[in-house]
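# Residue-level structural notes
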Amino acid sequence: MDIKGTDIGRLWSTHFPRRKIDAASRMFCLSIGHAIRNIAQNIPCGGLTERLRKAVRSLDVPEDQFFQFTDEIKAR
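What this report covers is the structure whose coordinates are included nearby.

Cut-offs used in this document
Residues numbered from 1 in each chain as written. Predicted model: local features only at pLDDT ≥ 70, side-chain atom pairs only at ≥ 80, totals over all residues. Heavy atoms only, no water. Helix = DSSP H or I, 4+ residues; strand = E, 2+ residues; numbered from the N terminus. Rg over C-alpha atoms; globule rule 2.2 N^0.38 Å. Buried < 20%, exposed > 50% of the residue type's maximum accessible area, 1.4 Å probe, protein only. Contact = heavy atoms within 4.5 Å. Areas by Shrake-Rupley, 256 points an atom, 1.4 Å probe, with all protein chains shown as cover. Lys, Arg positive; Asp, Glu negative; His and termini not counted. Charge placed at Lys NZ, Arg CZ, Asp CG, Glu CD.

### Observations concerning the overall build of the protein
The helix and strand inventory of the protein stands at four helices and zero strands. The linear arrangement of helices and strands in the protein, starting from the amino end, is α-α-α-α. Its C-alpha atoms give the protein a radius of gyration of 12 Å, within 12% of the compact-globule value 11 Å for 76 residues. Overall size of the protein, expressed as C-alpha extent along the three principal axes, is 35 × 35 × 15 Å. Evaluated residue by residue, the protein yields a buried proportion of 30% over its 76 residues. In the protein, of all internal contacts separated by at least 6 residues, the share reaching a separation of at least 24 is 45%. Only carbon and sulfur atoms are counted for the fraction: they give 55% of the accessible area of the protein, which is about 5000 Å². Charged side chains of the protein number 13 positive and 9 negative; the gap between the two group centres comes to 4 Å.

Put into structure tokens, the structure is as follows:
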């Protein structure tokens, strides 16, 4: 199965709102977060935050939601 960046964004928009009530959605968001971090590591220029922003945009994931989720994970 080949998943495109636009698919990731669509799937994120389905699972992000459900992440607090559904463990599977939370795990899905975690998986996407790891994928975004892996993509960001392969972007050659910029600091970590800028590379994360570029990766998030490339997958059509709303930037504010991604960083909100990242903050929620850190707070756990």
